[in-house]
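Here are the chains, one letter per residue:
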Amino acid sequence: MKNKIINFLRDAFPFIAVIVLWRLSVAFWNPAGILAIIPVFYCSFVRPVPWFPIAAILCCFLIDYRFDTLFYWTAMYCIFYAINGFQTVFDLTRVDKNALHVFMIFFGVCSLILALFKLNITNMIHAIWLFAWVSVLYIPITALIKRVYDDR
């Protein structure tokens, strides 16, 4: 019985991590719960979790709701999901460093486009800060998910 509960919690951990990171929204450190994009990316592309894309789309929609962007993060996730599905050159499950460079490209392009909507110095500094912060936190968050989810 104890092993069944532990296995259930391990299987549910990526889903729980997304909800917790989205809920821990703080204006400067985690605006609109954007840190939830890390497990969304990691569990969708690098270590695919069964049934996770549905939760990822829902989470992206919730991030859009808090950011007050109309389906922006949801659309970007769906575009990247489609690109990843059609390409055969890169296998993100075999990339070094938990695909940090690919995540930085994904998040950097998304942040840049979002900052260009209202181009001013404040938005650019905010986008640069957010990109740096989320990129730095990608490593420990993905290491935790990898340790908990893959430790069977």
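Small disclaimer: the values here were computed from a predicted structure and weren't measured.

Here is what the cut-offs are and how they apply
Residues numbered from 1 in each chain as written. Predicted model: local features only at pLDDT ≥ 70, side-chain atom pairs only at ≥ 80, totals over all residues. Heavy atoms only, no water. Helix = DSSP H or I, 4+ residues; strand = E, 2+ residues; numbered from the N terminus. Rg over C-alpha atoms; globule rule 2.2 N^0.38 Å. Buried < 20%, exposed > 50% of the residue type's maximum accessible area, 1.4 Å probe, protein only. Core = buried A, V, L, I, M, F, W, Y, C linked by side-chain atoms within 4.5 Å. Salt bridge = Lys/Arg side-chain N within 4 Å of Asp/Glu carboxyl O. pLDDT = per-residue confidence, 0-100. Phe/Tyr/Trp six-rings, centres within 6.5 Å; stacked < 30°, edge-to-face > 60°. Lys NZ or Arg CZ within 6 Å of the ring centre and 35° of its normal. Axes fitted to C-alpha atoms, helices over the stretch in contact; angles between N-to-C directions. Parallel < 35°, antiparallel > 145°, perpendicular 65-115°, else oblique. Left-handed = near helix turned anticlockwise from the far one by under 90°. Contact = heavy atoms within 4.5 Å.

*Asks:* What exactly am I supposed to notice about the overall build of the protein here?
*Replies:* On a plain count of helices and strands, the protein comes out with 6 helices and 0 strands. The helix and strand sequence of the protein, counted from the amino end, reads α-α-α-α-α-α. What you see for the protein is a C-alpha radius of gyration of 16 Å, in line with the 15 Å of a compact globule of 152 residues. For the protein, the spread of C-alpha atoms along the three principal axes comes to 55 × 35 × 25 Å. Across the 152 residues that make up the protein, the buried fraction comes to 38%.

*Asks:* Whenever I open this one, the nonpolar core confuses me. Can you help?
*Replies:* For soluble globular proteins, nonpolar side chains are generally found buried alongside one another. Among the nonpolar cores identified, the biggest contains 41 residues, and I37, W73, F103, V134 and Y138 are the most heavily contacted of them. Elements represented by at least two residues in this core include exactly α1 (2-23), α2 (37-46), α3 (52-67), α4 (72-86), α5 (100-117) and α6 (121-149). The biggest single contributor to this core is α2, with 8 residues.

*Asks:* Explanation requested: the pattern of salt bridges in the structure shown.
*Replies:* Charged atoms that come close allow side chains of opposite charge to pair. Enumeration over the complete set of coordinates arrives at 1 salt bridge. The salt bridge involving R94 is made with D91; its shortest N-O contact spans 3.0 Å. A residue is classified by how much of its surface remains accessible, and R94, at 68% relative accessible area, is exposed. Judged by its relative accessible area of 37%, D91 is partly exposed.

*Asks:* Any chance you could explain the confidence of the model for the protein here in plain terms?
*Replies:* Detailed reading of the predicted model is not advised wherever pLDDT is low. For the protein, the average pLDDT comes to 92, and 99% of its residues sit at 70 or higher. At the low end of the mean pLDDT range in the protein sits α1, at 92; at the high end sits α2, at 96.

*Asks:* What am I meant to see in the packing of aromatic side chains here?
*Replies:* Aromatic ring pairs are reported here in terms of the distance separating the ring centres and the angle at which the planes meet. In total, this model carries 23 aromatic pairs according to the counting rule given. Note on Y72 and W73: the rings are 5.5 Å apart at their centroids and 80° apart in plane angle, and the pair reads as edge-to-face. A ring pair is formed by Y77 and Y81, whose centres lie 5.8 Å apart and whose planes are at 35°; its orientation type is tilted. With Y77 and Y81 both in helix α4 and 4 residues apart, the pair spans about one turn of that helix. Look at Y81 and you get partly exposed, because its relative accessible area is 38%. The ring of W22 carries R66 above its face, with NZ or CZ at 4.0 Å from the centroid.

*Asks:* Just to check I follow, could you spell out the packing of α5 against α6 for this structure?
*Replies:* Packed helices, taken two at a time, are described by the angle between their axes plus the distance between the axes. In contact at an axis separation of 10 Å, α5 and α6 are set at 160° when each is read in the N-to-C sense. With respect to α6, the element α5 is oriented roughly antiparallel. As α5 packs across α6, the resulting crossing turns out to be right-handed. Packed against α5, whose contacting residues are L100, F103, M104, F107, G108, S111, L112 and A115, the element α6 presents N123, M124, A127, L130, F131, V134, S135, Y138 and I139 at the interface.

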